[in-house]
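Analysis of the macromolecular model
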Amino acid sequence: MSRSSREAHPRTFSHIVGFDDFPFARDHRGDVSIVGTIYSGLRLEGVVSGKVQRDGVNATRVLIELVRDSKFGAHLQLVMLQGVALAGFNVVDVPRLYAALGVPVLVVARHAPRPAAMRRALLERIPGGGAKWARVERLGPMEPLAGVHVQRMGLSLREAEAVLRSTAVNGTIPEPLRTAHLIAGGLGAGQSRGRT
C-alpha cells in the first residue's frame, strides 16, 4: 500500500507484539532477558522470551528470531518497542527489523528524548557507539503523540496515533508494552515496580 493510500485509508493493527527488557544491576555484564507479549486486540494471547547482551549488538537478530520463529509470527501486524535500545545500549536496527519481518515497527517512550545525552553516552562509553548512534539518527527525531513520544517505520502518524489510542487503555502506554514491563519486572526483580 502506498503512503498516500495509507493516509486515505489508515490500517488498523489487531495483532501486536510488545517487547521490554528485564531490570539489571548497573554493574551487570553479559546477557539480559527480554520478554515479548502478543496481543490480539486487548486480549493477551501469548508470551515469548529471549536474551540479549548488555550494551551488545544482537538485539535486532534476537527480536527477528523471536517473532519469526514463534507460533504467533505469521499473524503479527505490528512490533512495539519500549525505546530503541534493550539491555542498556543494545540498539535495535529498526529498518532491518522492519525489512526482515515485513511488519511496521513503533518505538514508544514515555518521556521526551534526550538525544544529546544518548549520543554522548554512546560515543564516550560504548564500544561501537558511533554505529549505534547512526542507527538512532536514521530513525529521525521522536515525535510527541497521544501522551508519549514515538519513532515509527512502516506506518503513518495517523495510524500510529490510532493504535496508541486503541491499546493504551490504562494510561498512555500501550497494553503490549505495559504488560511486557510488568512481566519483566516481576520475573527479573521478584515483583513489578515503577510506573506502567
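Look a little higher up for the structure.
Rules and cut-offs
Residues numbered from 1 in each chain as written. Predicted model: local features only at pLDDT ≥ 70, side-chain atom pairs only at ≥ 80, totals over all residues. Heavy atoms only, no water. Buried < 20%, exposed > 50% of the residue type's maximum accessible area, 1.4 Å probe, protein only. Helix = DSSP H or I, 4+ residues; strand = E, 2+ residues; numbered from the N terminus. Arc of directions from axis to C-beta. 1 Å grid on protein atoms, 1.4 Å probe; cavity = no way out; pocket = protein on both sides within 12 Å on 5 of 7 lines; lining within 4 Å. Points joined across faces, edges and corners; volume = space filled by probe spheres on them. Pairing = 2+ DSSP bridges. Axes fitted to C-alpha atoms, helices over the stretch in contact; angles between N-to-C directions.

Moving on: helix H4 (residues 115-125). Helical geometry note: an α-helix holds 3.6 residues per turn, so side chains three or four residues apart project in the same direction. For H4, the set of buried residues is Met 118, Ala 121 and Leu 122. What you see down the axis of H4 is that its buried residues fit within an arc of 95°, all on one side. Turned more than 90 degrees off the buried face of H4, the exposed positions are Ala 116 and Glu 124.

Bringing the layout of surface pockets into the picture now. Taken as a whole, the largest pocket spans an internal volume of roughly 1100 Å³. Around the largest pocket, the lining comprises 34 residues; the ones closest to its centre are Gln 82, Gly 83, Val 84, Ala 85 and Ala 109. Mapped by element, the contributors of at least two residues to the lining of the largest pocket are strand E1 (15-21), strand E5 (85-86), H4, helix H5 (129-139) and helix H7 (175-189). Examining the composition of the lining of the largest pocket, we find that 4 residues originate from one element, H7, more than from any other.

A separate point is the sheet that holds strand E8 (residues 143-145). Taken together, 7 strands build an open sheet; the order of strands is E3-E2-E1-E4-E7-E9-E8 and the sheet is mixed. Each end of this open sheet is capped by a strand with a single partner; those strands are strand E3 (43-53) and E8. Strand-to-strand twist of the sheet, defined as the mean angle between neighbouring strand axes without regard to direction, takes the value 30°. Of the pairings in the sheet, the one linking strand E4 (residues 78-82) to strand E7 (residues 105-109) comprises 4 bridges and is parallel in character. Considered in E7, the bridge of Met 80 is made with Leu 106.

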